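Residue strings, one per chain:
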Amino acid sequence: MKSLKRDSKKLTELSFFVLVFTFLWLYFVVYMTPSRITWYREMKNQLMILFRGITGLGG
Amino acid sequence: MVLLFLVSFIVVNVLLFGVADLWSFATKRKGWDRFVSTFLLSVGQIIASEFVLGLFSLLSWAPLVILNVIISSASLYLLSKTYSSQMVRKYVCSLPRLVINPLKEAHKDWQWAALLLLCLSTIAWVLFVGLLFPPLDFDGNSYHMTFIANVMQYGNFHDYPTSLAWLNGYPKGGEFLGLWSVVLLRSDVLADMIQIPFAIFGIYALYSVAVSLGARKEHARFAALLFLFVPVVINQLKTTYVDVMLVSLFFGGLALLLTKKLSKFDYVLIGIVFSLLLSIKSTGALFIAGLFPLLLYRLLNTGTTQKHGWRKKLLLPFAYIIPPMFFGLYWYIKNLVMYGSPIYPFGFKVLGHSIFPGKTFQEFAADAVNQSTVLPHGCFNRIWFVWTEQKDWFGCMYNYDTNYAGLGPVWFVLLIPAILVTLFIAVRKKSWLLVGIGAVFWAVFAIYPINYYSRYTLFIIGAGVYSLAIIMGLLSKGGVRFVRSLALALALVVLFSNLALCNYPFGTVRKQFVDTIRGAHPSEAFDNAGWAAFNTVDRLSQKNDVVAYDSAPYFIYPLWRADFTNDVVYIPSQSQADWAKQVHAKHVSFYLTTLQSREHKWLLTSSNFISIHKDGLYEVFEAR
């Protein structure tokens, strides 16, 4: 009985992680559209501005 | 004067929240029970005092301060009569524990501590940006803040002539909460951050829901914090929008209904939640409809004795639930009496038959969205398109109000799988409460108008949060560590892709910061936002000047001076002669018009006004 419960728990864990990796792949690979990439570039650009701002203030 | 307003704001709030919390402590409420009672009692007092004063056109700084000091002092006196003086000492001694206990937990659980730190940093950043910039969101400057400024102008919350149907039609629960700081400080500096305490309320409510549904506390508190890492939540925290407020109250209602034993006081709190849901947005009624089956189930199964028949079991609690709902119902009764439809400016149809006149919400939304949209046709296709975030919105991936951005990667990657697996387990284990709660979420989602729109349906995150908390209890230690690490990584992606809150890139924030330090006029922020027309009016308008807006306005609120000492009016008229007479009678000094309005045409031919500003959207006229 105990081993059955353990197997069932492992199956739940396995199913959950299969779904997580599938959705991760869908989100960051399948649907990584040009507008998303542009936006992530802009995000990086903004972080650089913030970084320069902070280091500038420090100097 | 500024110092006086600030001191009064702090004193009144400390008294208000302190007495409410003392009462919750004295009645031996702990954890979520104490938090929800303190929070809702305080919110209830704020709204009730504003409503009573507004009804008699007395809603201004001094009466509001005096009334609330009287209410809080009277409550304190009653508490001191009912409970021993030792209780106050115990209460004061217990306060440090509110900080020490979470710190101890954080010390034991570094991943939760890291997520909590990210949450606090996000809130701190939003507060910083919020303090620097005035309210700049679309709906806020259109009608949320305009209502608040109207109250500042007239001292009441009655309807006044306007060309914006939303301004009079929209229920005003959210605005009443935003109004609190504006009246007490005579400034809008905190008005667009009122959703921050509600986001915290939502997080705590989700924690309570997850624990009530069987999740372990350490998993529930981790999963609940993920509510903040939904892009639309972060973006709305510095706006006068009300969507975060609305869903947080839905979570609060759910958490209350899942409390083990409901007391008479809990019924009053449920009444306050229902009242707020109704008064914040008309779609709040859908959340009440969603909570209602659970309420009925609880009422039928929690009678104190068997001698009470089902009628008493059902009817007695409603004697406590219905009275606080008066505030929420007021706006619908007022609209029905004045405009013929309780949900004005919308009408209502059942099976194609008009019950109340006007366009339905669905028709309105379909017209607005279908005009120029890249969204695919088909309900599920639209939801998938939005949730996979395939399109930006005016140069931003995320915004407080966007047709295309979904609920972010935390939702898509972690919470959707958690919902699917939890649902499967719940059915397999015949956990009908879990199935029922899931059904509430999905039923509301299914009937919610334009449900691909992430700001309308962000409540669905709640189902993901409690599901993830439950799932984490079923994973191995390594599995939990991995899920938590992934959640942290995705939270960082959300955080960094939302720090600019779409409208506040770091260059703009820096410029505004420098401008603020050098003591620039507050309206210069409008220049930074590209609203030069409003800057023109704000700079030239003097105390007691009358500023008018036209029949096709975008924004109205920025026409008020920052200290609310001028008057803003709309002059309803169909003929130029009548309009000119009224303009003269009301001593209008400035007129802001959009280029397509009839007033714009009339002003161009008027010899009494001269154009002082023109851009692609607006023309501003000044009386000669």
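Residues numbered from 1 in each chain as written. Chains lettered and ligands numbered in written order. Predicted model: local features only at pLDDT ≥ 70, side-chain atom pairs only at ≥ 80, totals over all residues. Heavy atoms only, no water.

**Q** Sorry, what's going on with the overall build of chain B here?
**A** The secondary structure content of chain B amounts to 28 helices and seven strands. Taken over the C-alpha trace, chain B has a radius of gyration of 25 Å; the compact-globule value for 624 residues is 25 Å, and the two agree within 12%. In terms of overall dimensions, chain B has a C-alpha envelope of 80 × 60 × 60 Å along the principal axes. The buried share among the 624 residues of chain B stands at 57%. Within chain B, counting contacts between residues at least 6 apart in sequence, those at least 24 apart form 69% of the total. In the form shown here, chain B has an accessible surface area of approximately 26000 Å², with 67% of it arising from carbon and sulfur atoms. If you average the places of the 49 positive and of the 32 negative side-chain charges in chain B, the two averages end up 17 Å apart. (Helix = DSSP H or I, 4+ residues; strand = E, 2+ residues; numbered from the N terminus. Rg over C-alpha atoms; globule rule 2.2 N^0.38 Å. Buried < 20%, exposed > 50% of the residue type's maximum accessible area, 1.4 Å probe, protein only. Contact = heavy atoms within 4.5 Å. Areas by Shrake-Rupley, 256 points an atom, 1.4 Å probe, with all protein chains shown as cover. Lys, Arg positive; Asp, Glu negative; His and termini not counted. Charge placed at Lys NZ, Arg CZ, Asp CG, Glu CD.)

**Q** Any chance you could explain the sheet that holds strand β7 (residues 618-623) of chain B here in plain terms?
**A** The strands making up a sheet associate through backbone hydrogen bonding, with each pair oriented either parallel or antiparallel. Residues and elements named next belong to chain B. The five strands are arranged β4-β3-β5-β7-β6 in an open sheet whose pairing can be described as mixed. For this open sheet the edge positions go to β4 (567-570) and β6 (609-614), each flanked by a neighbour on one side alone. Strand-to-strand, the axes of this sheet are offset by a mean angle of 25°, without reference to chain direction. Pairing between strand β3 (residues 546-549) and strand β5 (residues 588-594): four bridges, direction parallel. Following the sheet pairing, Tyr549 is matched in β5 by Leu592. Seen against the sheet, helix α28 (residues 598-605) touches β4, β5, β6 and β7 and runs at an angle of roughly 125° to β5. (Pairing = 2+ DSSP bridges. Axes fitted to C-alpha atoms, helices over the stretch in contact; angles between N-to-C directions.)

**Q** Explain unusual backbone geometry here, please?
**A** Working note: non-glycine residues mostly have negative phi, and peptide bonds are mostly trans. Residues and elements named next belong to chain B. Each neighbour pair has its own omega, and for Tyr344 with Pro345 the value is 10°, a cis peptide bond. Within the fold, Pro345 resides in the loop between α17 (326-339) and β1 (348-350). The residue Leu501 is not glycine, and still its phi comes out positive at about 45°. Position of Leu501 among the secondary structure elements: in the loop between α23 (477-496) and α24 (506-517).

**Q** Hey, could you run me through the side chain of B:His144 in this one?
**A** Following the sequence through the fold, B:His144 ends up in helix α7 (residues 138-154). Residue contacts for B:His144: discarding those within four places in its chain leaves B:Asp139, B:Tyr170, B:Glu175, B:Thr240, B:Tyr241 and B:Val242.

**Q** Sorry if this is basic, but what is going on with the state of the cysteines here?
**A** When the sulfur atoms of two cysteines share a covalent bond, that bond is a disulfide. Residue and element names in this part refer to chain B. A complete count under the given rule lists one disulfide over all chains for this structure. Disulfide partner of Cys396: Cys502, at an S-S distance of 1.9 Å. On the S-S bond that ties Cys396 to Cys502, the torsion sits near 95°, and the link is right-handed. Taken together, the residues span a long stretch of sequence, with Cys396 in the loop between α19 (379-387) and α20 (408-428) and Cys502 in the loop between α23 and α24 at a distance of 106 residues. Note on Cys396: relative accessible area 5%, which makes it buried. (Disulfide = S-S within 2.5 Å.)

**Q** I'm lost on a nonpolar patch on the surface in this one. Help?
**A** Together, B:Leu3, B:Leu6, B:Val7, B:Ile10, B:Val11 and B:Val14 make up a nonpolar patch on the protein surface, roughly 550 Å² of accessible area in all. By the element assignment, B:Leu6 lies in helix α1 (residues 2-26). (Patch = residues over 30% accessible without salt bridge, like charges linked within 9 Å, V, L, I, M, F, W, Y side chains within 5 Å. Salt bridge = Lys/Arg side-chain N within 4 Å of Asp/Glu carboxyl O.)

**Q** Looking at this structure, how should I read the confidence of the model for chain B?
**A** Low pLDDT marks stretches whose predicted atomic positions should not be read closely. Per-residue pLDDT for chain B has a mean of 92; in total, 96% of the residues score no lower than 70. With a pTM of 0.94, the predicted complex shows an ipTM of 0.90. (pLDDT = per-residue confidence, 0-100.)

**Q** Quick question: what am I supposed to make of the packing of aromatic side chains here?
**A** In this description, an aromatic ring pair is defined by two values, namely the gap between the centres and the angle between the planes. This structure, assessed with the given rule, holds 72 aromatic pairs over all chains. Cation over ring: B:Arg455 sits above B:Tyr453, and NZ or CZ is 5.6 Å from the ring centre. (Phe/Tyr/Trp six-rings, centres within 6.5 Å; stacked < 30°, edge-to-face > 60°. Lys NZ or Arg CZ within 6 Å of the ring centre and 35° of its normal.)

**Q** Even after reading the chapter, I still don't get the interface of chain B and chain A, so can you show me in this structure?
**A** Where interface size is given, it is often the accessible area lost as the parts come together that is meant. Taken together, the contacts link 42 residues of chain B with 26 residues of chain A. Both faces combined, the contact of chain B with chain A buries some 3000 Å², and carbon together with sulfur accounts for 76% of it. Across the chain B-chain A interface, the total number found is zero salt bridges. Among the elements of the structure, α19, α20, α22 (460-472), α23 and α24 of chain B are those that each provide at least two residues to the side of chain B that touches chain A. A total of twelve residues in the side of chain B that touches chain A trace back to one element, the largest contributor, which is α20(B). Considered class by class, the residues forming the side of chain B that touches chain A number 28 nonpolar, nine polar and five charged. (Buried area = accessible area lost by both parts, 1.4 Å probe. Nonpolar A, V, L, I, M, F, W, Y, C, P; charged D, E, K, R; others polar.)

**Q** Even after reading the chapter, I still don't get the pairing of strand β2 (residues 353-356) of chain B, so can you show me in this structure?
**A** For a regular strand, side-chain orientation follows a simple rule: the groups alternate between the two sheet faces. Sheet analysis places β1(B) next to β2(B), joined by three bridges and oriented antiparallel. From the neighbouring strand, B:Lys349 faces β2(B), where its bridge partner is B:Ser354.

**Q** Explanation requested: the packing of helix α10 (residues 195-212) of chain B against helix α13 (residues 243-257) of chain B in the structure shown.
**A** When two helices pack together, their arrangement is given by the angle between the helix axes and the distance between those axes. All names here are of chain B. Axis separation between α10 and α13 bottoms out at 8 Å; the angle between their running directions is 30°. Taken together, the axes of α10 and α13 are roughly parallel relative to one another. α13 is crossed by α10, and the crossing has left-handed handedness. Between α10 and α13, the contacting residues are Gln195, Phe198, Ala199, Phe201, Gly202, Ala205, Leu206, Ser208 and Val209 on the first element and Asp243, Val244, Met245, Ser248, Leu249, Phe251, Gly252, Leu254 and Ala255 on the second. (Parallel < 35°, antiparallel > 145°, perpendicular 65-115°, else oblique. Left-handed = near helix turned anticlockwise from the far one by under 90°.)

**Q** Is there a simple way to think about the nonpolar core in this case?
**A** Nonpolar side chains tend toward joint burial in soluble globular proteins. A:Phe16, B:Leu40 and B:Phe459 are the most contacted members of the largest nonpolar core, which has 207 residues in total. Here this core takes twelve residues from α20(B), the largest share from any one element. Here B:Leu40 is in contact with B:Phe201, B:Leu249, B:Leu256, B:Leu269, B:Ile272, B:Val273 and B:Leu276, once residues within four sequence places are set aside. Within the second largest apolar cluster, twelve residues are counted, among which are B:Val546, B:Val569, B:Trp579 and B:Phe609. (Core = buried A, V, L, I, M, F, W, Y, C linked by side-chain atoms within 4.5 Å.)

**Q** For this particular structure, what's the right way to read helix α3 (residues 61-82) of chain B?
**A** Given 3.6 residues to a turn, an α-helix orients residues that are three or four positions apart in the same direction. All names here are of chain B. For α3, with 22 residues, the first-to-last C-alpha span of 32 Å sits near the 32 Å given by 1.5 Å per residue. If you check which residues of α3 are buried, you get Leu64, Val65, Asn68, Ser72 and Leu79. Burial along α3 is one-sided: seen end-on, the buried residues are contained in an arc of 95°. Seen from the buried face of α3, the exposed residues on the opposite side, beyond 90 degrees, are Ile66, Ile70, Tyr77, Leu78 and Lys81. Where the residues of α3 are buried, they touch α1, α2 (31-55) and α9 (173-185). (Expected span 1.5 Å × (residues − 1). Arc of directions from axis to C-beta.)

**Q** What is the right way to look at the packing of helix α14 (residues 264-280) of chain B against helix α16 (residues 310-321) of chain B in this model?
**A** All names here are of chain B. Interaxial distance between α14 and α16 falls to 7 Å at its minimum, and their mutual angle equals 60°. In terms of their interaxial angle, α14 and α16 are classed as oblique. Taken as a pair, α14 and α16 cross one another with a handedness that is right-handed. Contacts from Lys264, Tyr267, Val268, Ile270, Gly271 and Phe274 in α14 reach Pro317, Tyr320 and Ile321 in α16. Class assignment of the residues belonging to the contact of α14 with α16 gives a composition of seven nonpolar, one polar and one charged.

**Q** What is the right way to look at the pattern of salt bridges in this model?
**A** Residue and element names in this part refer to chain B. Under the criterion given, the structure shown has 18 salt bridges over all chains. The partner of Asp515 in a salt bridge is Lys511, with the nearest N and O atoms 3.2 Å apart. You can see Asp515 and its partner Lys511 sitting in helix α24, four residues apart, about one turn around the helix. Residues joined by salt bridges that share partners form a network here, namely Glu105, Lys108, Asp109, Arg221 and Arg484.

**Q** Hey, could you run me through the side chain of B:Asp392 in this one?
**A** Mapped onto the elements, B:Asp392 comes out in the loop between α19 and α20. Here B:Lys391 takes part through its side chain, which lies 3.2 Å from a polar atom of the side chain of B:Asp392. Setting aside residues no more than four positions away along its own chain, B:Asp392 makes contact with A:Ser35, B:Met397 and B:Tyr404. (Polar contact = N/O pair within 3.5 Å; in protein donor to acceptor, adjacent residues only side chain to side chain.)

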